[in-house]
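A closer look at the structure
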Amino acid sequence: MRNGRGVEELWICLKTAMLRATEETCGKTTINTKLKRTRWWNVLVMKTVREKKHAWRRYLEIQSEENRRIYVEKTNNAKRIVREAKCQSWEEFGEKIQATYTENRKQFWSIVEGLRGRRVKPVRNIRNRDGVLISKQEEVLKVWKEFFEEKFRKEIEEGAGEDEQHGIDENLEVCQEITQEEVINSVKKMKLNKASGLDRIFPEMVKYGGNLLVEWIWLLFRKIWDEE
């Protein structure tokens, strides 16, 4: 922190260290989002669906009445098995939800919130001043940066005008430097089980990062306060 590096470079170093430490401690799992993962997809369902597909291929090769009859029979059987598996899955899920509501209310509401947002796709795109849709991470961050800079600049200018009207001294010191105690208290108040941003930093990574991480964050904030 005392090597004379810029704020952005220091933040990248801190972020990289946090992500690396988290991966080494908790591990990393790659999930194929294209694969269907449902509770009702069991061995019996997979077997009957495979038999239906096999019967369909046989019917395409030899379009006889017998092969068509077998295909229709396999299709109806597969639909019945899938329907029964779905019903059983929802019954088991309902029993689990009921037990969770009694034993762990916090986990119950987490499951409910997950069900509410299941069909909502994360929005990663944004339009710039010209109305062009931006999707790259660097360009999205740049658009947001410009937006907040302009917003805060207007608020500061408006606030300065109000200060002049009320005769407030501009040379009056508004606030002091950020203290380490303020950072510690803010970290303690952080809420968990929240999604990460584009930087992939979760609240748990900061809250359970230890005193050394809090000190690094405090030093970074001080550097931002002094330079920005």
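A tally of helices and strands in the protein chain yields eight helices and two strands. Reading the protein chain from its N terminus to its C terminus gives the helix and strand order α-α-α-α-β-β-α-α-α-α. Counting across all 228 residues of the protein chain, residues that qualify as buried make up 18%. Put simply, 52% of the contacts in the protein chain that link residues at least 6 apart link residues at least 24 apart. Here the protein chain has roughly 19300 Å² of accessible surface; of this, 52% comes from carbon and sulfur atoms.

Let us now look at a nonpolar patch on the surface. Taken together, the side chains of W144, F147, F148 and F152 make up a nonpolar region of the molecular surface, amounting to roughly 410 Å² of accessible area. Tracing the backbone through its elements, the reader meets F152 in helix α5 (residues 137-165). Note on F152: relative accessible area 44%, which makes it partly exposed.

Between its first and last C-alpha atoms helix α3 (residues 65-103) spans 57 Å; for 39 residues at 1.5 Å apiece the expected length is 57 Å, and the two agree. Turning to α3, its buried residues are N67, T75, A78, I81, V82, A85, S89, F93, I97 and T100.

Along the chain, N67 turns up in helix α3. In this structure the side chain of N67 is engaged in a polar contact, spanning 2.8 Å, whose partner is the backbone oxygen of I62. Every residue in contact with N67, bar those within four places of it in the chain, is listed here: R58, Y59 and I62.

Time to look at the environment of E181. By the secondary structure assignment, E181 is in helix α6 (residues 180-188). By relative accessible area, which is 57% here, E181 ends up exposed.

Here the protein chain shows a mean pLDDT of 78. Residues at 70 or above account for 78%. Here helix α4 (residues 105-116) stands out as the least confident element of the protein chain, with mean pLDDT 69; helix α2 (residues 43-61) is the most confident, with 91.

For the rest of this paragraph, the subject is unusual backbone geometry. Even without glycine at this site, N193 takes up a positive phi of about 60°. For N193, a relative accessible area of 56% corresponds to the exposed category. Here the phi dihedral of R200 falls at roughly 65°; this positive angle occurs in a residue that is not glycine. One can find R200 in the loop between α6 and α7 (203-207). With relative accessibility at 52%, the residue R200 sits in the exposed group.

What follows concerns the nonpolar core. The biggest cluster of nonpolar side chains holds 16 residues, and the ones touching the most others in it are L14, M18, V183, I201, V206 and I217. The residues contacting I201, other than those within four sequence positions of it, are W11, K15, M18, L19, S196 and V206.

In total, this model carries four salt bridges according to the counting rule given. A salt bridge links E51 to K74, with the nearest nitrogen and oxygen atoms 3.6 Å apart. One end of the pair, E51, is in helix α2; the other, K74, is in helix α3, and 23 residues separate them in sequence. By relative accessible area, E51 is classed as partly exposed at 27%. Taking relative accessible area as the criterion, K74 reaches 28% and is therefore assigned partly exposed.

Thresholds, definitions, all that
- Residues numbered from 1 in each chain as written.
- Predicted model: local features only at pLDDT ≥ 70, side-chain atom pairs only at ≥ 80, totals over all residues.
- Heavy atoms only, no water.
- Helix = DSSP H or I, 4+ residues; strand = E, 2+ residues; numbered from the N terminus.
- Buried < 20%, exposed > 50% of the residue type's maximum accessible area, 1.4 Å probe, protein only.
- Contact = heavy atoms within 4.5 Å.
- Areas by Shrake-Rupley, 256 points an atom, 1.4 Å probe, with all protein chains shown as cover.
- Patch = residues over 30% accessible without salt bridge, like charges linked within 9 Å, V, L, I, M, F, W, Y side chains within 5 Å.
- Salt bridge = Lys/Arg side-chain N within 4 Å of Asp/Glu carboxyl O.
- Expected span 1.5 Å × (residues − 1).
- Polar contact = N/O pair within 3.5 Å; in protein donor to acceptor, adjacent residues only side chain to side chain.
- pLDDT = per-residue confidence, 0-100.
- Core = buried A, V, L, I, M, F, W, Y, C linked by side-chain atoms within 4.5 Å.

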